[in-house]
Amino acid sequence: MKLKPLGDKVVLQHQKAEEKTQSGIILPDSAKEKPQEAVVIAVGPGKEVDGKMTQMQVKEGDKVIYSKYSGTEIKVEEEEYVIVSQSDIIAIVE
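Calculation rules
Residues numbered from 1 in each chain as written. Predicted model: local features only at pLDDT ≥ 70, side-chain atom pairs only at ≥ 80, totals over all residues. Heavy atoms only, no water. Salt bridge = Lys/Arg side-chain N within 4 Å of Asp/Glu carboxyl O. Buried < 20%, exposed > 50% of the residue type's maximum accessible area, 1.4 Å probe, protein only. Pairing = 2+ DSSP bridges. Helix = DSSP H or I, 4+ residues; strand = E, 2+ residues; numbered from the N terminus. Axes fitted to C-alpha atoms, helices over the stretch in contact; angles between N-to-C directions. Polar contact = N/O pair within 3.5 Å; in protein donor to acceptor, adjacent residues only side chain to side chain.

Things to note about the pattern of salt bridges
So, step 1. Per the stated rule, a full pass over the model turns up four salt bridges.
So, step 2. Taking the shortest distance from any N to any O, the salt bridge between Lys-9 and Asp-8 comes out at 4.0 Å.
So, step 3. Under the relative-accessibility criterion, Lys-9 is labelled partly exposed at 34%.
So, step 4. Overall, Asp-8 belongs to the buried group, its relative accessible area being 15%.
So, step 5. The partner of Glu-78 in a salt bridge is Lys-75, and the shortest N-O contact between them spans 4.0 Å.

Some points on the sheet that holds strand S6 (residues 72-76)
So, step 1. Strand order across the open sheet formed by six strands is S6-S7-S1-S2-S5-S8, with antiparallel pairing between neighbours. Across the chains shown, the open sheet's two edge strands, defined by having one partner strand only, are S6 and strand S8 (89-93). Pairwise comparison of adjacent strand axes, ignoring direction, gives a mean angle of 40° for this sheet.
So, step 2. Pairing of S6 with strand S7 (residues 79-85), which is carried by five bridges, proceeds in the antiparallel orientation. Paired with Lys-75 across the bridge in S7 is Glu-80.

Here's the deal with unusual backbone geometry
So, step 1. The phi torsion at Asp-50 lies on the positive side, around 55°, for a residue other than glycine.
So, step 2. When you line up the elements, Asp-50 lands in the loop between strand S3 (48-49) and strand S4 (52-53).
So, step 3. Unusually for a residue other than glycine, Glu-78 sits at a positive phi of about 70°.
So, step 4. Mapped onto the elements, Glu-78 comes out in the loop between S6 and S7.
So, step 5. For Glu-78, a relative accessible area of 67% translates into the label exposed.

Describing the pairing of S7
So, step 1. As paired strands, strand S1 (residues 9-14) and S7 are joined by four bridges and run antiparallel to one another. Its bridge partner being in S7, Lys-9 is matched across the sheet by Ser-85.
So, step 2. Between S6 and S7, which pair antiparallel and follow one another directly, the connecting turn spans two residues, one of which, Glu-77, has a positive phi of 50°.

Examining the side chain of Ser-70
So, step 1. Looking at the element boundaries, Ser-70 is found in the loop between strand S5 (63-66) and S6.
So, step 2. Owing to a relative accessible area of 8%, Ser-70 belongs among the buried residues under this scheme.
So, step 3. Here Ser-67 takes part through its backbone oxygen, which lies 2.9 Å from a polar atom of the side chain of Ser-70.

Purely spatial values, then, with no claim about function.
Written out as structure tokens, the structure reads:
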């Protein structure tokens, strides 16, 4: 199944959380912080505002940082994704 976002929505896939600290301490799942960095999997066509389509600023494959408490988490075929609005994306990591 392929996800196709609507409007100004963006489908993101989390990057793996760090398994251990810089000093070598292994972190259990309960201590891992939710990652805010993700890869763009799919991008919607944009949103119409005052009769004009807004241009999407991200594209598939971009590495991005998004707001901590934004988006809707979903699971499709054992893969976890987050769907956010383009405005919830803070930066593109280059």
